[in-house]
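# Notes for the structure review
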Amino acid sequence: MATVTETTIAQKLEALLKLQTIDSALDNIKKVRGDLPEEVRDLEDEIAGLETRLTKFQAEISSFEEQISNYKISKKDSDKLIVKYKEQQMNVRNNREFDAISKEIELQGLEMEIADKRIKEIDFKVLNKNDEVASVESNLHERKKDLEIKQKELEVIIGESEEDEQKFLKDRDKALKSVEERLLKSYTKLRDNAINGLAVVMVKRGACGGCFSSVPPQRQTDIKDKKKLIVCEHCGRILAGVEDPIPAPEKEKKPRGKAATAAAAAAAAAAAVPAE
Ligand SMILES: [Zn+2]
């Protein structure tokens, strides 16, 4: 014997349909925002990447400059040594000493040449790196401008729908409480697989409201009975009910007599009085 608290199939379907309505409303909000949120995220990532590259290039340039300054210091040292050696050469006692010092001078001269060559090479690297820095900087500048534009666009769009979104999210939390876990799992799976995000649909004009495959009359009757959960044979969506067929256009009603209208109005007014 079913207890009063046990949820009937009809109640389960109602809860699911409510959740579906809220989720569809949230889907619509997301659709309006389109790809903008993703585009903004992509731009932010790209900018972060460019900034990292810039920092790396600048560190490389600093290291090149340090190398150049070291070569310049060693050149100065060689220069000092040469001056010292030349003084020593003035005071040699024999040719052998003179030649030995000449060799030292020659060696320091070579050291200086090598340093000059290295400085030139590194200068060239710095030049190239500066070009790269300039190119990254201009790229970065453009991307930042793009981001600013897109962020503003997104802010406007979000501003238009933020209030609604918050309300729907709150409603959703509430609606979730009425849906059992097992059903929620199927619902989520169905929604994930459906392009239109519909997991729970009504039968409309004899067809599934999700995939538009026709639903046989007997099945429609079963759906209306709400004795068990019925899914679309074609797409697997949960069929929550059968929408009443659109009523045939009513014929123009004959205007009733004034007395009848007044009586009807009085009856309606009486019915509207709360029964307290
Ligand atoms: Zn279907």
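Procedures and definitions
- Residues numbered from 1 in each chain as written.
- Predicted model: local features only at pLDDT ≥ 70, side-chain atom pairs only at ≥ 80, totals over all residues.
- Heavy atoms only, no water.
- Helix = DSSP H or I, 4+ residues; strand = E, 2+ residues; numbered from the N terminus.
- Buried < 20%, exposed > 50% of the residue type's maximum accessible area, 1.4 Å probe, protein only.
- Contact = heavy atoms within 4.5 Å.
- Areas by Shrake-Rupley, 256 points an atom, 1.4 Å probe, with all protein chains shown as cover.
- Donors = N, O, S within 2.8 Å, 3.2 Å for Na, K, Ca; no water.
- Salt bridge = Lys/Arg side-chain N within 4 Å of Asp/Glu carboxyl O.
- Expected span 1.5 Å × (residues − 1).
- Pairing = 2+ DSSP bridges.

### Some remarks on the overall build of the chain
Along the chain, the regular secondary structure elements total six helices and four strands. Helices and strands in the chain line up, N terminus first, as α-α-α-α-β-β-α-β-β-α. Taking all 276 residues of the chain together, the buried fraction comes to 26%. The contacts in the chain between residues at least 6 apart in sequence include a share of 72% that link residues at least 24 apart. As presented, the chain carries roughly 20300 Å² of accessible surface, and 54% of it is formed by carbon and sulfur atoms.

### Quick look at the side chain of Gln108
You can see Gln108 is positioned in helix H3 (residues 95-176). Apart from the residues lying within four places of it in its own chain, the contact partners of Gln108 are Ser78, Leu81, Ile82 and Tyr85.

### Let's talk about the coordination of the zinc ion
Binding of the zinc ion to the protein goes through Cys208 (SG), Cys211 (SG), Cys232 (SG) and Cys235 (SG), at separations of 2.2 to 2.3 Å. All donors to the zinc ion come from one chain, and their sequence spacing reads C-x2-C-x20-C-x2-C.

### Examining the pattern of salt bridges
All chains considered together, the criterion is met by 19 salt bridges. Note that Lys144 and Glu51 form a salt bridge whose closest N and O atoms lie 3.1 Å from each other. Of the two residues, Lys144 is situated in helix H3 and Glu51 in helix H2 (residues 36-90); the sequence distance between them amounts to 93 residues. For Lys56, the salt bridge identified is with Glu60, shortest N-O distance 4.0 Å. In this pair, Lys56 and Glu60 are both assigned in helix H2, four residues apart and thus about one turn of the helix distant. Each of Asp23, Asp27, Arg172 and Arg191 takes part in one network of salt bridges that share partners.

### A look at helix H1 (residues 9-33)
Because each turn of an α-helix spans 3.6 residues, side chains separated by three or four positions in sequence point in the same direction. With 25 residues, H1 extends 36 Å from end C-alpha to end C-alpha; this agrees with the ideal 36 Å at 1.5 Å per step. In the segment just after H1, Gly34 is the residue with positive phi, at about 60 degrees.

### Let's talk about the sheet that holds strand E1 (residues 200-204)
The strand order across the open sheet formed by four strands is E2-E1-E4-E3, and the pairing between neighbours is mixed. Every interior strand has two partners, whereas the edge strands, strand E2 (207-208) and strand E3 (230-231), have only one. Bridge count between E1 and E2: two bridges; the pairing is antiparallel. Note on E2: the bridge partner recorded for Val203 is Cys208.

### Remarks on the pairing of E1
Examined bridge by bridge, E1 and strand E4 (residues 238-242) share four bridges and lie parallel to one another. Of the residues in E4, the one forming a bridge with Val200 is Ile238. A loop of two residues connects E1 with E2, the two strands running antiparallel in sequence, and Arg205 in this loop sits at a positive phi of about 50 degrees.

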